[in-house]
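Descriptive structure summary
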Amino acid sequence: MSLAAGCPRCTSPVSEQPDGWRCPDHGVITPLWRPSVARYEDLAVHLQQCGHAPTLVPWPLAPGWTITDFGCVSAPGQDARASMLSCHGMSDADGLVELTLVSEEPGVGLGARCAGTDHTDPGAEVGHGPPQARVRIAGATLPLWAVSTSESHGHFDRSVLAGEAHGRWLWLVLRPPSAALLLRDEWSLADLADLGPELVDVPFGGSPPPW
Ligand SMILES: [Zn+2]
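Okay, so let's go over this structure.

Across the sheet, which stays open at both edges, the three strands sit in the order β2-β3-β4 with antiparallel pairing between neighbours. The open sheet is flanked by β2 (15-17) and β4 (27-29), the only strands paired with a single partner. Averaged over neighbouring strand pairs, the angle between their axes works out to 50° when direction is ignored. Sheet analysis places β2 next to strand β3 (residues 20-23), joined by three bridges and oriented antiparallel. Note on β3: the bridge partner recorded for Glu16 is Trp21.

Right under this line is the structure:
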């Protein structure tokens, strides 16, 4: 297995027990499967474990951008409960920009961990007032709202936005926080699984953001 199991919600080492995977802090869990280094060779296993659950990526990637991390929260034979992908690249205004995208069922907690927020799900801010940004997924527009990180550790280093589509949360975590302005251009997101032959040309490399 090229992907290692972890807890979706914390960094504690997990173990496989007769009743399933266990985290010492969160009990029986559906594991988060991640490669030690993001590379094309592990994508096939990742996409297989995702099943019908999408792994979203800004597409096309801007020139020079690379994928730095990916993972999914899944059990054998089932569609992933959550998936995540990080990428980074340079922008004129912000220098190095890091983006993490998480698509997940409510209650998983992976998005909250990547975003560094205190609550498992985005909460009441989503859907309240005018949206801060929009992204396009499969031709449909998805509104996004800012999620406050003001009560979290290191809250000045990132912007968090979230929206809801088809019963799943979509989280976007952007560093530095000013990079959220890049979303004025309404990015298009694609499912890695839908890229077909283009997948071979997807660039990997660089350090993933901390979470
Ligand atoms: Zn845990």
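Turning to the environment of Trp145, a few remarks are in order. When you line up the elements, Trp145 lands in strand β11 (residues 140-146). With residues near it in sequence (within four places) discarded, Trp145 still touches Glu125, Val126, Gly127, His128, Pro131, Gln132, Leu161, Ala162 and Gly163.

All right, on to the nonpolar core then. Counting 48 residues, the largest nonpolar core has Ala82, Met84, Leu110, Leu161, Ala162, Trp171 and Leu172 as the members making the most contacts within it. Per-element accounting of this core gives the leading share, six residues, to strand β13 (residues 168-175). Those residues in contact with Met84, other than ones at most four positions away along the chain, are Phe70, Gly71, Thr100, Leu101, Val102, Leu110 and Cys114.

Moving on, we get to unusual backbone geometry. Of note, the amide linkage connecting Trp59 to Pro60 takes the cis form, showing an omega dihedral of 0°. In the Ramachandran plot, Ala138 falls in the positive-phi region, its phi being about 50° despite a non-glycine side chain. Following the sequence through the fold, Ala138 ends up in the loop between β10 (133-137) and β11. A positive phi angle, close to 50°, is found at Glu186, a residue other than glycine. Considering the arrangement of structural elements, one finds Glu186 in the loop between β13 and β14 (188-191).

Conventions adopted
Residues numbered from 1 in each chain as written. Predicted model: local features only at pLDDT ≥ 70, side-chain atom pairs only at ≥ 80, totals over all residues. Pairing = 2+ DSSP bridges. Helix = DSSP H or I, 4+ residues; strand = E, 2+ residues; numbered from the N terminus. Axes fitted to C-alpha atoms, helices over the stretch in contact; angles between N-to-C directions. Contact = placed C-beta atoms within 7 Å. Core = buried A, V, L, I, M, F, W, Y, C linked by C-beta atoms within 7 Å. Buried ≥ 20, exposed ≤ 12 C-beta atoms within 10 Å, placed from the backbone.

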